Amino acid sequence: MGARGELYTTQVTLDNRSYFFNVKENRNGDIFLQVVESKSRNGEDFDRHAIVVFADDMQKFFKGLDSSVTFIEKAQKERARIAAEKKAARAALVGKKVYRKPTADEERKKSGVKRTGKVHVVSRRNPEGEEN
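The shown structure was predicted, so the numbers you read here are calculated from the model rather than taken from an experiment.

J.: I'd like a description of the sheet that holds strand 3 (residues 31-41), backed by residues and values.
T.: With antiparallel pairing, the four strands of this open sheet are ordered in space as 1-2-3-4. Either end of the sheet is taken by a strand with one partner, and the two such strands are strand 1 (6-13) and strand 4 (45-54). The average angle at which neighbouring strand axes cross in this sheet is 15 degrees, direction not considered. Alignment of strand 2 (residues 17-25) against strand 3, held across nine bridges, turns out to be antiparallel. By the bridge assignment, Asn22 is partnered in strand 3 with Gln34. Seen against the sheet, helix 1 (residues 58-94) touches strand 3 and strand 4 and runs at an angle of roughly 120 degrees to strand 4.

Below, the structure is given as structure tokens:
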């Protein structure tokens, strides 16, 4: 067992925040997850906030977390759809055609070149052997 009862630790670093996921064991032998957010304040000090979830409650905790993530994903898709509809409606009023960025599959089909991650050389010569 590590210092302060730590069994496992992993860190996720973002722009000005770091998240630490610590699996610990207390004196009674109970295993729990401690999630710590460390946020940089003016480059010198750090704000630290922690939550603790005990092993008995983890399934309920993760179920709630999963449903929240699912809701956020659905909301983002819905907002993107509404924004696209508004953009199309605005363009229809002006009379312009709305362009969207093609997906990777559409780009691949359009170019006619199979992409496998290896370097491909495409000849630009005519069938008669003359260059364009």
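J.: Which residues make up the pattern of salt bridges, and what values go with them?
T.: Applying the stated criterion to the full structure yields four salt bridges. The shortest N-O distance in the salt bridge between Arg81 and Glu78 comes to 2.3 Å. Placement of the pair is Arg81 and Glu78 together in helix 1, with a separation of three residues, close to one helical turn. Owing to a relative accessible area of 35%, Glu78 belongs among the partly exposed residues under this scheme. Residue Arg81 pairs with Glu85 through a salt bridge whose shortest N-O separation is 2.5 Å.

J.: I'd love a proper account of the packing of aromatic side chains, names of residues and values included.
T.: Remark: the centre distance and the inter-plane angle together describe each pair of aromatic rings, the angle taken between the planes. If you walk through the whole model with that rule in mind, you get two aromatic pairs. Measuring from ring centre to ring centre gives 5.4 Å for Phe32 and Phe54, while their planes differ by 50 degrees; the resulting arrangement is tilted. Of this pair, Phe32 sits in strand 3 while Phe54 sits in strand 4, and the two are 22 residues apart along the sequence. Where Phe61 meets Phe62, the ring centres are 5.5 Å apart and the plane angle is 70 degrees; that geometry is what we call edge-to-face. You can call Phe61 partly exposed: its relative accessible area is 29%.

Cut-offs applied
Residues numbered from 1 in each chain as written. Predicted model: local features only at pLDDT ≥ 70, side-chain atom pairs only at ≥ 80, totals over all residues. Heavy atoms only, no water. Pairing = 2+ DSSP bridges. Helix = DSSP H or I, 4+ residues; strand = E, 2+ residues; numbered from the N terminus. Axes fitted to C-alpha atoms, helices over the stretch in contact; angles between N-to-C directions. Contact = heavy atoms within 4.5 Å. Salt bridge = Lys/Arg side-chain N within 4 Å of Asp/Glu carboxyl O. Buried < 20%, exposed > 50% of the residue type's maximum accessible area, 1.4 Å probe, protein only. Phe/Tyr/Trp six-rings, centres within 6.5 Å; stacked < 30°, edge-to-face > 60°.

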